[in-house]
Amino acid sequence: MKVKELVDALGLMVLSGENGLDREIEGCYVSDLLSDVMGNADMGDVWVTLQTHKNVMAIASLKELACVVLVKDQQAAPDTLEQSNEEGIPFLSTSMQTYETVGKIYQLLNA
Amino acid sequence: MAPFKADLHIHTVLSPCGDLEMSPTAIVERAMARGLDMIAITDHNTTRQVKTTQKVGRDRGLFVLGGVEITSQEEAHCLAYFEADDQLDEFQQFLDQHLPPIPNDEDRFGYQLIVDENDEITGEEQYHLLNALDVDIDGLYDEVHRIGGLFVPAHINKGTTSLMSQLGFVPPDLKADGLEINFRTTRDEILKKFAYLKRFNFITDSDAHFIDNVGDVYNVCYLEHRTFAEFGMALRGDEGRYIDTMYFRDHKLPR
C-alpha cells in the first residue's frame, strides 16, 4: 500500500512531504517515546504519534519510515515540515485519536 | 574561589512523590548535617515550597536556590532556577496558567502539601503536579530566560521522563544553560556517544524524594560566593568558576 492510498482511505490531511506520497507502506508502529521508536520501528512503517517535536522528523528520516501520522489534530512545527518536504517523508494529520487511527490502519494492512 | 558542596535537585512534601518527611526544616537540617553548602528546591511544576525553605536556610546558614522541575509538553523533566522572589512569583503564574486543571488524587499519587518552618500544614496544591504543561521545551527555555532564570534539562540519561527517553536524543540545537545527568552514567560516557553536547556543563544531583537521600549525589561548585549569579557563571564556565560533578556521600553509589 502506498502512502497516498492511506491518505485517501483515512481522509488524512497532508501537512508536508507531498513528494513522498508514493512511498510504500510495509507496516505500522505506534509510540510517543522517540527513544522507543528509534529502537523498535522498522523501515517502511507508518508512525502514529502525538509527539510534534522536531526530533520526530529526524527519527523518521533515520529509520526510513514511510510517513508520520499525527493524531488529534496535532500540528508540527514549521522547521519540521520544511525538513519533511526536503526528505520526502510525509507528515499527515487526523482528528481521530490513536485508537481509531491504528484500528483502521490495522484493517487496511491486514485486509 | 572556594569549593561549595551543592545538591541542586531536591523534592519536598509538596511533590506528590515526595515523602511526608520532606519538610523545609528537615531538608535544611539534613543537608547541613551532610556537609552541603547549598541546595536547590525543585518540586514538580510548583515553586510554592521554595520561600519557606530559603527562609529556614537563611536562618541556619545554608544557601537555598529557588527552583522547580518542570514537565514539558514532551514529558521531559527540566530544572529551572531563579534568583529573586518576584521571578519565582512570575514563573509560578506561568505554571498555574499551563498546568492542566486536573485535581490530584492523593490516594493514588500522594499528598501535595505546603508546610511552614514548623512542619505545620498551611496549604496544598489542588491540581496534580506530575502532569505535563502545554508548553514544549523550547517554549519553557524562552519563558525561563525571559524572567532571568537558568534552564537545565533534568537527568537527561534517565529511561523515563527525560530528554533522551522522550525525544530519542538531545536535539543538537537545544537551548539550555547546562544539563543534569544521573549517577548511572558519566559526562565522558555521554560525550563519547553525543560529542555535540560538549558545549554544555553538567550537574549531578540526588533528586531526593526521601530525607535519607538528601546529598547522596552532589556537585562541588567553585565560586567566589554562594549566590545565584555565581552559580550561573559556574554553569557557563565564566571567569574561572566551574562545577565538579559526581560526588557521592561516603563515596558510595546510591542504591
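Caption draft 1: View of the overall build of chain B. Check the secondary structure of chain B and you find 8 helices and 11 strands. Scaling as 2.2 N^0.38, a compact globule of 255 residues should have a C-alpha radius of gyration of about 18 Å, and chain B matches this with 17 Å. Taking the principal axes of the C-alpha coordinates as reference, chain B spans close to 45 × 40 × 35 Å. Taking as baseline every contact in chain B between residues at least 6 positions apart, the subset at least 24 positions apart corresponds to 74%. Accessible surface for chain B amounts to roughly 10800 Å². Of this, 47% is attributable to carbon and sulfur atoms. Across chain B, the centroid of the 24 positively charged side chains sits 7 Å from that of the 45 negatively charged ones.

Caption draft 2: Quick look at a negative patch on the surface. On the surface, A:Asp79, A:Glu82, A:Glu86 and A:Glu87 cluster together to form a negatively charged patch. Turning to its location among the elements, A:Glu82 is positioned in helix α4 (residues 78–87).

Caption draft 3: Looking closely at the interface of chain B and chain A. Across the boundary between the two partners, chain B contributes 10 residues, which contact 11 residues of chain A. In total, chain B and chain A occlude about 920 Å² of area from one another, counting both sides; carbon and sulfur atoms represent 50% of this. By the criterion of area lost to chain A, the three top residues of chain B are B:Gln166, B:Leu167 and B:Phe169, representing 43% of everything that side buries. With its nearest N and O atoms 3.6 Å apart, the salt bridge here joins B:Asp138 to A:Lys54. On the surface where chain B and chain A come into contact, there are 5 residue pairs in polar contact (both at pLDDT 80 or more).

Caption draft 4: A look at the sheet that holds strand β7 (residues 150–153) of chain B. Residues and elements named next belong to chain B. Reading across the sheet, the 7 strands line up as β7-β4-β3-β2-β1-β10-β11 and stay open at both edges, with mixed pairing between neighbours. The open sheet has two free edges, formed respectively by β7 and β11 (242–248), since each of these has just one partner strand. On average, each strand axis in the sheet is inclined to that of its neighbour by 30°, with strand direction left out of account. Bridge analysis of strand β10 (residues 217–223) against β11 gives 5 bridges, and the strand direction is antiparallel.

Caption draft 5: Summary view of the side chain of B:Ser165. Inspection of the secondary structure puts B:Ser165 in helix α6 (residues 163–167). In terms of polar contacts, B:Ser165 uses its side chain to reach the side chain of B:Gln166, at 2.8 Å. Leaving out residues up to four positions away in the same chain, B:Ser165 has contacts with A:Leu33, A:Leu34, A:Ser35, B:Lys158, B:Gly159 and B:Thr160.

Caption draft 6: Examining the packing of helix α1 (residues 24–33) of chain B against helix α2 (residues 50–60) of chain B more closely. Residue and element names in this part refer to chain B. Two elements in contact, α1 and α2, have axes separated by 9 Å at closest approach and are oriented at 40°. On the basis of their axis angle, the class for α1 and α2 is oblique. Crossing of α1 over α2 shows right-handed handedness. Here Pro 24, Thr 25, Val 28, Glu 29 and Met 32 of α1 lie close against α2, whose contacting residues are Thr 52, Thr 53, Val 56, Gly 57 and Arg 60. A breakdown of the residues in the contact of α1 with α2 according to their chemical character gives 4 nonpolar, 4 polar and 2 charged.

Caption draft 7: Just the nonpolar core, in detail. Residues A:Trp47, A:Phe91, B:Ile39, B:Ile70, B:Phe91, B:Phe151 and B:Leu197 are the most contacted members of the largest nonpolar core, which totals 76 residues. The greatest single-element share of this core, amounting to 5 residues, is contributed by helix α5 (residues 137–147) of chain B. Apart from the residues lying within four places of it in its own chain, the contact partners of A:Phe91 are A:Met13, A:Val14, A:Leu15, A:Ser16, A:Val56, A:Met57, A:Val68, A:Leu70, A:Ala76, A:Thr80, A:Leu81 and A:Ser84. Counting 19 residues, the second-largest nonpolar core is a separate cluster that includes B:Phe4, B:Leu8, B:Leu79 and B:Leu223.

Criteria and thresholds
Residues numbered from 1 in each chain as written. Chains lettered and ligands numbered in written order. Predicted model: local features only at pLDDT ≥ 70, side-chain atom pairs only at ≥ 80, totals over all residues. Heavy atoms only, no water. Helix = DSSP H or I, 4+ residues; strand = E, 2+ residues; numbered from the N terminus. Rg over C-alpha atoms; globule rule 2.2 N^0.38 Å. Contact = heavy atoms within 4.5 Å. Areas by Shrake-Rupley, 256 points an atom, 1.4 Å probe, with all protein chains shown as cover. Lys, Arg positive; Asp, Glu negative; His and termini not counted. Charge placed at Lys NZ, Arg CZ, Asp CG, Glu CD. Patch = residues over 30% accessible without salt bridge, like charges linked within 9 Å, V, L, I, M, F, W, Y side chains within 5 Å. Salt bridge = Lys/Arg side-chain N within 4 Å of Asp/Glu carboxyl O. Buried area = accessible area lost by both parts, 1.4 Å probe. Polar contact = N/O pair within 3.5 Å; in protein donor to acceptor, adjacent residues only side chain to side chain. Pairing = 2+ DSSP bridges. Axes fitted to C-alpha atoms, helices over the stretch in contact; angles between N-to-C directions. Parallel < 35°, antiparallel > 145°, perpendicular 65-115°, else oblique. Left-handed = near helix turned anticlockwise from the far one by under 90°. Nonpolar A, V, L, I, M, F, W, Y, C, P; charged D, E, K, R; others polar. Core = buried A, V, L, I, M, F, W, Y, C linked by side-chain atoms within 4.5 Å. Buried < 20%, exposed > 50% of the residue type's maximum accessible area, 1.4 Å probe, protein only.

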